[in-house]
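Each chain, written out:
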Amino acid sequence: MRQKLTRVIGGVAMLALVAGGTACSSGGDNTASSGDKCGNKIAFFGALTGSSAALGINENNGVKLAVDKHNKENPDCTVELVPLDSQGSPDQAPGLAQKAIDDPKILGIVGPAYSGESEAAGPLFNEAGLVTITPSATRPSLSEQGWKTFFRAVGNDFSQGPAAGNYIKNVLKADRVYVIDDQSAYGAGLADEVKKVLGASVVGSDKVQGEGKQTEFSAVVTKVKAANVKAVFYGGYYQEAGLIRKQLTAGGVTAPMVAGDGVNDAAYITSAGAAAAEGTILTCPCQPATEARGTFAQEYKALNGTDPGTYSDTAYDAANILLAGIKDGKTTRESLLEFVKGYSGEGVAATYKFVEGGELDPAQVKVWAFKVQGGKVVPDQEIPKS
């Protein structure tokens, strides 16, 4: 029999649909007793080292906070966090996924963080019945694979791409735009959605290599400069975006760069240099970290020694969904998957309810534009959906 259960997690009321049972008690082997640590685990799957590590570290720190708070509140039935460092590489994802699958105590995954690694690991997680909640992988096709274990805690590029295109068209009023992407599942997909909105305003496009494989972009700079553009859109991650912006500026291109959430990190400013990065617009299907409710931001900084970054809050929320299920005794992979499938609750970043394909309910998705200003990434405005 299903019942509604309201609880407070991280100072925020969480509402879940659960099927009876006491905390950590309905999973057979993982029965709680006095002093028992239960042995349950969740994992974070994403880049913790390498050229895309900044976003992964943001997310892992959010998961760390959720697990830390859970364990302090449940000392007799703690949960262990397992970090799985993918370096953002689709090539490493299958082996890493198998490592998680082979550990029977890992009940759920926060991640994979990136779209390419999600494509590579998703079939394995689905076959194993191991639930995954990605806080940041936004390629729309991920929810179209028929995977029963895939859930997404953010809006996909069908929301972010059009929003970025509309910002270029309606706010920047740029009628000559050059579009560049890094050929990744995420970057190319996002660029395609932007092109659909801009249509004939796209006067040129190019592809570069991501994952730290390319650092010299003079050929692209020459083409962009010759096109006399009013804006440049980049689909990809912050390291290459920063280098392209730096080289565009050095080449005399002053048109603003617009990029997606893969670039929405202070590491972009480091890569580009503060002067070149100034004025860049970065979109994200997320709200500003300062808008996160409750005491999340303060608690995050107290634990991690730094302020929350892009997707720190969605990763925290994703972890809390898994932890709420474990606390309610869903300590088998099958039962935790069913818990997530029926979940409805309020987190620090959004209200969570999953619809077809594991997507976040579109009614809960917001897309924000951020601007690099004074050497920092600051909120600019929420972008209308149409």
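Residues numbered from 1 in each chain as written. Predicted model: local features only at pLDDT ≥ 70, side-chain atom pairs only at ≥ 80, totals over all residues. Heavy atoms only, no water.

- Going by the annotation in an unreviewed UniProt entry, the name recorded for the protein chain is Branched chain amino acid ABC transporter substrate-binding protein, with Micromonospora deserti given as the source organism.
- Its UniProt record, at the heading Sequence similarities (unreviewed entry), says of the protein chain: "Belongs to the leucine-binding protein family." (UniProt positions renumbered as here; feature names shortened; annotations may be inferred.)

Focus: the packing of aromatic side chains
Then comes step 1: Tallying each qualifying case throughout the model produces 9 aromatic pairs.
Then comes step 2: Between the aromatic rings of Phe151 and Phe354, the centroid separation amounts to 5.2 Å while the plane-to-plane angle is 65°, which identifies the pairing as edge-to-face. Of this pair, Phe151 sits in strand 7 (residues 150-152) while Phe354 sits in the loop between strand 14 (351-353) and strand 15 (367-373), and the two are 203 residues apart along the sequence. An identical accessibility class is assigned to Phe151 and Phe354; each is buried.
Then comes step 3: Taking 6.4 Å as the distance between ring centres and 40° as the angle between the ring planes, the aromatic pair formed by Trp368 and Phe370 counts as tilted. (Phe/Tyr/Trp six-rings, centres within 6.5 Å; stacked < 30°, edge-to-face > 60°. Helix = DSSP H or I, 4+ residues; strand = E, 2+ residues; numbered from the N terminus. Buried < 20%, exposed > 50% of the residue type's maximum accessible area, 1.4 Å probe, protein only.)

Points about unusual backbone geometry
Then comes step 1: The omega angle of the peptide bond from Gly111 to Pro112 is -10°, so this bond is cis rather than trans.
Then comes step 2: With respect to the element layout, Pro112 can be found in the loop between strand 5 (106-110) and helix 3 (115-128).
Then comes step 3: Here Gln87, not a glycine, exhibits a phi torsion of approximately 55°, which is positive.
Then comes step 4: Topologically, Gln87 is positioned in the loop between strand 4 (79-85) and helix 2 (93-101).

A closer look at the pairing of strand 12 (residues 281-284)
Then comes step 1: Here strand 12 shows no split at all, with Ile281 and Thr283 on one side and Leu282 and Cys284 on the other all buried.
Then comes step 2: Where strand 11 (residues 257-259) meets strand 12, 2 bridges bridge the pair, whose relative direction is parallel. Bridged to Ala259 within strand 12 is Leu282. (Pairing = 2+ DSSP bridges.)

Some details on the nonpolar core
Then comes step 1: Ile42 and Tyr268 are the most contacted members of the largest nonpolar core, which totals 96 residues.
Then comes step 2: In terms of residue count, the dominant contributor to this core is helix 11 (residues 312-327) (9 residues).
Then comes step 3: When residues of this core are assigned to domains, at least three map to each of domain 1 (41-156 + 289-355) and domain 2 (158-284 + 368-382).
Then comes step 4: Once residues within four sequence positions are removed from consideration, Tyr268 is found in contact with Tyr238, Ala241, Gly242, Arg245, Met257, Val263, Ala277, Thr280 and Val372. (Core = buried A, V, L, I, M, F, W, Y, C linked by side-chain atoms within 4.5 Å. Domains from an automatic or database assignment. Contact = heavy atoms within 4.5 Å.)

Looking at the packing of helix 11 against helix 12 (residues 333-341)
Then comes step 1: Remark: helix 11 packs on helix 12, axes separated minimally by 9 Å, with the N-to-C direction vectors making an angle of 125°. By the criterion of interaxial angle, the relationship of helix 11 to helix 12 is oblique. Remark: the crossing between helix 11 and helix 12 carries right-handed chirality. When helix 11 is examined against helix 12, the residues Ile321, Leu322, Ala324, Gly325 and Ile326 are found in contact with a partner set consisting of Leu336, Phe339 and Val340.
Then comes step 2: Here the contact of helix 11 with helix 12 is composed, by residue class, of 7 nonpolar, 1 polar and no charged. (Axes fitted to C-alpha atoms, helices over the stretch in contact; angles between N-to-C directions. Parallel < 35°, antiparallel > 145°, perpendicular 65-115°, else oblique. Left-handed = near helix turned anticlockwise from the far one by under 90°. Nonpolar A, V, L, I, M, F, W, Y, C, P; charged D, E, K, R; others polar.)

Details of the pattern of salt bridges
Then comes step 1: Inspection of the entire model under this criterion finds 11 salt bridges.
Then comes step 2: In this structure, the salt-bridge partner of Asp68 is Lys72, at a minimum N-O distance of 3.2 Å. With a gap of 4 residues between them, Asp68 and Lys72 both fall in helix 1 (residues 53-73), about one helical turn apart.
Then comes step 3: Lys72 sits in the exposed class, given a relative accessible area of 64%.
Then comes step 4: For Arg139, the salt bridge is made with Glu119, and the minimal N-O distance between the two is 3.9 Å. Placement of Arg139 in the loop between strand 6 (131-134) and strand 7 and of Glu119 in helix 3 is noted, with a sequence separation of 20 residues between them. (Salt bridge = Lys/Arg side-chain N within 4 Å of Asp/Glu carboxyl O.)

Points about the environment of Val263
Then comes step 1: Relative to the assigned elements, Val263 resides in the loop between strand 11 and helix 8 (266-272).
Then comes step 2: With relative accessibility at 0%, the residue Val263 sits in the buried group.
Then comes step 3: For the pair Val263 and Ile281, spaced 18 residues apart in sequence, the C-alpha separation works out to 9.7 Å.
Then comes step 4: Those residues in contact with Val263 that sit more than four places away from it in its chain are Tyr234, Gly236, Tyr237, Tyr238, Ala241, Tyr268 and Leu282.

What to know about the environment of Val348
Then comes step 1: Here Val348 shows up in the loop between strand 13 (344-346) and strand 14.
Then comes step 2: Judged by relative accessible area, which is 1%, Val348 ranks as buried.
Then comes step 3: For the pair Val348 and Asp313, spaced 35 residues apart in the sequence, the C-alpha separation amounts to 6.4 Å.

Structural notes on helix 5 (residues 185-198)
Then comes step 1: Spanning 14 residues, helix 5 covers 20 Å between terminal C-alpha atoms, matching the ideal 20 Å at 1.5 Å per step.
Then comes step 2: Where burial is concerned, most of helix 5 is hidden: 10 out of the 14 residues are buried.
Then comes step 3: What helix 5 keeps buried is the set Ala185, Tyr186, Gly187, Ala188, Gly189, Leu190, Ala191, Glu193, Val194 and Leu198.
Then comes step 4: If you follow the buried residues of helix 5, they end up packed against helix 3, helix 4 (157-171), strand 8 (177-181), strand 9 (202-207) and strand 10 (231-235). (Expected span 1.5 Å × (residues − 1).)

Looking at the sheet that holds strand 9
Then comes step 1: Here we have 7 strands laid out as an open sheet, ordered 9-8-10-11-12-15-16, and mixed in their pairing. Two strands close off the open sheet at either side, each with one partner strand: strand 9 and strand 16 (376-383). The sheet shows a mean angle of 25° between the axes of neighbouring strands, direction not considered.
Then comes step 2: Pairing of strand 10 with strand 11 involves 3 bridges; the strand directions are parallel. Directly across from Tyr234, in strand 11, lies its bridge partner Ala259.
Then comes step 3: This element, helix 4, spans strand 8, strand 10, strand 11, strand 12, strand 15 and strand 16 of the sheet and lies at about 90° to strand 16.

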